[in-house]
Amino acid sequence: MTPRGGGTGLSGGAVPLKGGIISFEKMNKILDIDEINQYIVLEPGVITGDINKILFNKKLFYPPDPASLDSCTIGGNVATNAGGPKAFKYGVTSSYLLQLECVFPGGRIELIGKRTKKWNTGFNLLKLLCGSEGLLGVFTKIVLRIIPLPEKEILILMGFEEIKKLFSFVEKILRNKLFPSIIEFMEKETVSLVREKIENFLPSESSLLFVGFDGNEKEVEYQMEKFYDLIEKEKIDRVFAGTDRKTIERIWEVRKKLFYETEKMGFRVHSEDAGIELKRAEEFISEIKKLFKIYNKTPYIFGHLGDGNIHVNLSYKRGEEDIVKEISGKIWDITLRYEGTITAEHGVGILKKEGFKKEVSPFIYQIHRKIKKIFDPHEILNPGKVF
Ligand SMILES: Cc1cc2nc3c(=O)[nH]c(=O)nc-3n(C[C@H](O)[C@H](O)[C@H](O)COP(=O)(O)OP(=O)(O)OC[C@H]3O[C@@H](n4cnc5c(N)ncnc54)[C@H](O)[C@@H]3O)c2cc1C
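What you are looking at is a predicted structure, and each value in this text was computed from that prediction instead of being measured. Residues take numbers from 1 onward in each chain, read along the sequence in its written order. For a predicted model such as this one, the threshold for reporting local features is a pLDDT of at least 70, and the threshold for listing and counting side-chain atom pairs is 80 or more; totals across whole chains, interfaces and linings nevertheless cover every residue. Derived side-chain values reflect all non-hydrogen atoms in the structure, with water molecules and hydrogen atoms excluded from consideration.

## As for the domain arrangement of the protein chain
Line of reasoning, step 1. Once the domains are mapped, the protein chain shows domain 1 (2-148), domain 2 (152-256) and domain 3 (259-363).
Line of reasoning, step 2. Inter-centroid distance (C-alpha atoms) of domain 2 to domain 3 is 24 Å.
Line of reasoning, step 3. Residue-level contacts link 17 residues of domain 2 with 21 residues of domain 3.
Line of reasoning, step 4. Interface area, domain 2 with domain 3, both sides summed: about 1600 Å², of which 64% is carbon and sulfur.
Line of reasoning, step 5. Summed over both partners, buried area is the accessible surface (1.4 Å probe) that two parts give up on being assembled. It is F167, F185 and L193 that lose the most area in domain 2 upon contact with domain 3, and together they represent 38% of the buried surface on that side.
Line of reasoning, step 6. Note on definitions: salt bridges are taken to be side-chain nitrogens of Lys or Arg within 4 Å of carboxyl oxygens of Asp or Glu. Counting the contacts that link domain 2 with domain 3 gives 2 salt bridges.
Line of reasoning, step 7. Among the salt bridges present, the one from E187 reaches K289, with a minimum N-O distance of 2.5 Å.
Line of reasoning, step 8. Of the residues forming the side of domain 2 that touches domain 3, the biggest block, 5 residues, is contributed by helix α5 (residues 163-175).
Line of reasoning, step 9. Residues were grouped as follows: Ala, Val, Leu, Ile, Met, Phe, Trp, Tyr, Cys and Pro as nonpolar; Asp, Glu, Lys and Arg as charged; and all remaining residues, including Gly, as polar. A class-by-class count of the residues in the side of domain 2 that touches domain 3 yields 9 nonpolar, 1 polar and 7 charged. Either an automatic procedure or a domain database provided the assignment from which the domain bounds are taken. Contacts are assigned to residue pairs with any non-hydrogen atoms lying within 4.5 Å of each other. Strands here mean DSSP runs of E at least two residues long; helices mean DSSP runs of H or I at least four residues long; both are numbered from the N terminus.

Rendered as structure tokens:
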């Protein structure tokens, strides 16, 4: 059986290889919001973007914000341990997961974790289940930690003719001990896909850097003062900033639309999501570009730069599946040579099964196999996925 949330998982995990589908579409209720204990109780089919719409009125906030938040579900987010642009400051889904109601193969229902902010009894099975890609159990109720809504938010969009300058600017942000909530980027060629959406913002061809700050008024003012000093010092003149929700959304649309614009380029989009140490990211990207040149293809590169999470999207035509597989394998090889991970957020699913074997040792691979057997001895959950 394949548990399916919104179906936006990018490694093909929600597509059944055999057996049936469990749909959570109708389990979409917000069951409780506890303002004192600071948690929210949700059914797994709640659309992620709806959580903050509800919390906003209570001045509360759930930070993980995958770019697919308008269509993915919180159950899918837990199963893939989803991150998002704000992961740099706030962390990923597992950082907020307090408790799961989980149905295990055979029908046993267990509560894993507590509603308290801390628990330490036994192994951390909650962390194991978070990111288990529907392989170990099915989540039917989810309790997430929530925090006070930051009073103020600002999103700054900057254009850089030279990608080198963009990277060195990010380095300076970090060296200056600034603490943005968002550090995202889109490489020049990638920006060209959504160019008409940004004409109002930026004058000419450039790679884009998105930097966000949030917090209380004073905090944001302090960070912004330091940030604008840096902008001035570095002579960066292509800057557009949004402080109200509407403008922030308008800037964000550029990034959100990207996947769908890449999709329009061909038959399908293949999406890689390497995780690389930030200081090696620039070198990594130039290797990826060299690789794509050999195949006469364009890599669409963007990502959560603050986390070193570099997405490489490849749009391809029907019949090119084997070439895509070959390129994908070579991207994993480069990633591993840079001591990175082949999947920083999408998970292994179907598409990265071979990459998983490349990344972990046979010993660790076997531990994963044994854990799967303990939870699901007859391999009825997401059969054929990950292993
Ligand atoms: C445009 C776009 C942007 C994206 N941006 C991001 C991003 O910024 N960050 C990020 O991390 N990911 C991102 N993703 C990937 C994807 O959206 C996330 O992985 C998301 O968490 C998947 O949720 P879903 O509801 O669509 O799950 P599905 O795709 O339906 O399922 C994903 C996996 O979870 C399992 N599953 C689903 N529900 C349950 C449940 N209740 N119990 C147990 N297992 C379950 C499925 O079997 C499958 O293995 C993006 C995808 C797209 C298309």
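## Describing a negative patch on the surface
Line of reasoning, step 1. A surface patch of like charges, here negative, comprises E221, E225, D229 and E232.
Line of reasoning, step 2. Within the secondary structure layout, E232 lies in helix α8 (residues 217-233). Patch definition: residues with relative accessible area over 30% and no salt bridge; like charges joined within 9 Å; nonpolar side chains (Val, Leu, Ile, Met, Phe, Trp, Tyr) joined within 5 Å. In short, Shrake-Rupley with a 1.4 Å probe defines the accessible areas, and a residue's cover is counted only from the protein chains shown. For this count, His and the chain ends are skipped, Lys and Arg are scored as positive, and Asp and Glu as negative. All charge positions are set by atom: Lys at NZ, Arg at CZ, Asp at CG, Glu at CD.

## Focus on the pattern of salt bridges
Line of reasoning, step 1. Summed over the entire model, instances satisfying the criterion amount to 23 salt bridges.
Line of reasoning, step 2. Measuring nitrogen to oxygen at the nearest pair gives 3.7 Å for the salt bridge that ties E379 to K373.
Line of reasoning, step 3. Judged by relative accessible area, E379 falls into the partly exposed class, the value being 25%.
Line of reasoning, step 4. Any residue under 20% of the maximum accessible area for its type is buried, any over 50% is exposed, and the rest in between are partly exposed; the area is computed with a 1.4 Å probe on protein chains only. Given a relative accessible area of 44%, K373 falls into the partly exposed group.
Line of reasoning, step 5. Each of R369, K373 and E379 takes part in salt bridges that share partners, so that together they form one network.

## Quick word on the sheet that holds strand β16 (residues 309-316)
Line of reasoning, step 1. Spatially, the 7 strands line up as an open sheet ordered β13-β10-β12-β11-β15-β16-β14, and their pairing is antiparallel. Both outer strands of the open sheet, β13 (239-242) and β14 (268-275), are each paired with one neighbouring strand and no more. Sheet twist, expressed as the average angle between the axes of neighbouring strands with direction ignored, equals 15 degrees.
Line of reasoning, step 2. Of the strands in this sheet, β10 (152-160), β11 (182-186), β12 (207-215), β13, β15 (300-304) and β16 touch helix α9 (residues 245-256), which is tilted by about 125 degrees from β13.
Line of reasoning, step 3. Contacts from helix α12 (residues 321-337) reach β14 and β16, with the element oriented near 10 degrees to β14. Strands are labelled as partners when DSSP assigns at least two bridges between them. To get an axis, a line is fitted to the C-alpha atoms, and for a helix only the part in contact is used. The angle between two axes follows their N-to-C directions and goes from 0 to 180 degrees.

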